Amino acid sequence: MSLRALQLLGIAARAEGLRFRRGAARGMRGMVLTSMAAGLGLLALLLLHLAAWLWLTLWLDALTASLLLALADSVLAGLLLLLARPRPDPVAEAALLIRQEALREAAQVSLLAEAAALLTGRSATALAGGLVAEALRHAFTRR
């Protein structure tokens with residue numbers, strides 16, 4: 001494998017690592033925020049339910065007070081779900097594009113040309129021309 005192909009594969013690996021780390025961090029952040037919101041929301045709702053139900057029962061019957069509290073719970077749950085939804089990460093998306101481009105270029109690199117350039121310091125065409133010239137020189141000198 002040529003040096004250029006190895007460099008491109010290294011770039012692809014680093015881009016994939018960055019994309020993976022960003023995705024894991026984003027997932028962990030969402031999970032922590034969701035857990036905290038759920039725990040705090042549950043504690044607050046317990047106290048609010050008790051206080052609101054006691055307050056509402058002064059004017060309404062127990063069933064109507066319970067239905068109003070259920071409606072408030074539904075609205076609060078919807079807001080928490082909106083806050084917890086995943087958002088696109090432009091850095092992770094750019095890293096994915098870099099990885100894909102590096103892999104595409106690595107697949108297109110001519111391994112023979114790269115090996116010839118590394119070994120001789122010349123291009124594959126110059127090396128082939130040199131071999132033909134050497135063969136011709138050798139053929140003419142034998143006669």
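This text gives an overview of the structure that appears in the document. (Residues numbered from 1 in each chain as written. Predicted model: local features only at pLDDT ≥ 70, side-chain atom pairs only at ≥ 80, totals over all residues. Heavy atoms only, no water.)

Thoughts on the overall build of the protein
Next, step 1: Looking only at helices and strands, the protein features five helices and zero strands.
Next, step 2: Counting from the amino terminus, helix and strand elements in the protein follow one another as α-α-α-α-α.
Next, step 3: For the protein, buried positions account for 11% of its 143 residues.
Next, step 4: Within the protein, contacts between residues at least 6 apart in sequence are counted, and of these 72% link residues at least 24 apart. (Helix = DSSP H or I, 4+ residues; strand = E, 2+ residues; numbered from the N terminus. Buried < 20%, exposed > 50% of the residue type's maximum accessible area, 1.4 Å probe, protein only. Contact = heavy atoms within 4.5 Å.)

Notes on the layout of surface pockets
Next, step 1: Put simply, the largest pocket is a space of about 330 Å³.
Next, step 2: Along the walls of the largest pocket sit 18 residues, with Gly 30, Leu 33, Leu 83, Ala 84 and Arg 85 positioned nearest its centre.
Next, step 3: Where the lining of the largest pocket is concerned, the elements lending two or more residues are α1 (3-56) and α2 (62-84).
Next, step 4: For the lining of the largest pocket, the element with the most residues is α1, which contributes eight residues.
Next, step 5: Residues belonging to the lining of the largest pocket are distributed by class as follows: ten nonpolar, three polar and five charged. (1 Å grid on protein atoms, 1.4 Å probe; cavity = no way out; pocket = protein on both sides within 12 Å on 5 of 7 lines; lining within 4 Å. Points joined across faces, edges and corners; volume = space filled by probe spheres on them. Nonpolar A, V, L, I, M, F, W, Y, C, P; charged D, E, K, R; others polar.)

As for α1
Next, step 1: Between its terminal C-alpha atoms α1 stretches 76 Å, which fits the 80 Å expected from 54 residues at 1.5 Å a residue.
Next, step 2: Listed in full, the buried residues belonging to α1 are Ala 5, Leu 8, Ala 12, Ala 15, Gly 41 and Leu 56. (Expected span 1.5 Å × (residues − 1).)

Here's the deal with a nonpolar patch on the surface
Next, step 1: There is a patch of nonpolar side chains on the surface, built from Trp 55, Leu 58, Trp 59, Leu 60, Leu 68, Leu 71, Val 75, Leu 76, Leu 79 and Leu 82 and spanning about 1000 Å² of accessible area.
Next, step 2: At six residues, the largest contribution of residues to the nonpolar patch is made by α2.
Next, step 3: Summarising the element assignment, Leu 68 is placed in helix α2.
Next, step 4: Its relative accessible area of 41% is what places Leu 68 among the partly exposed residues. (Patch = residues over 30% accessible without salt bridge, like charges linked within 9 Å, V, L, I, M, F, W, Y side chains within 5 Å. Areas by Shrake-Rupley, 256 points an atom, 1.4 Å probe, with all protein chains shown as cover. Salt bridge = Lys/Arg side-chain N within 4 Å of Asp/Glu carboxyl O.)

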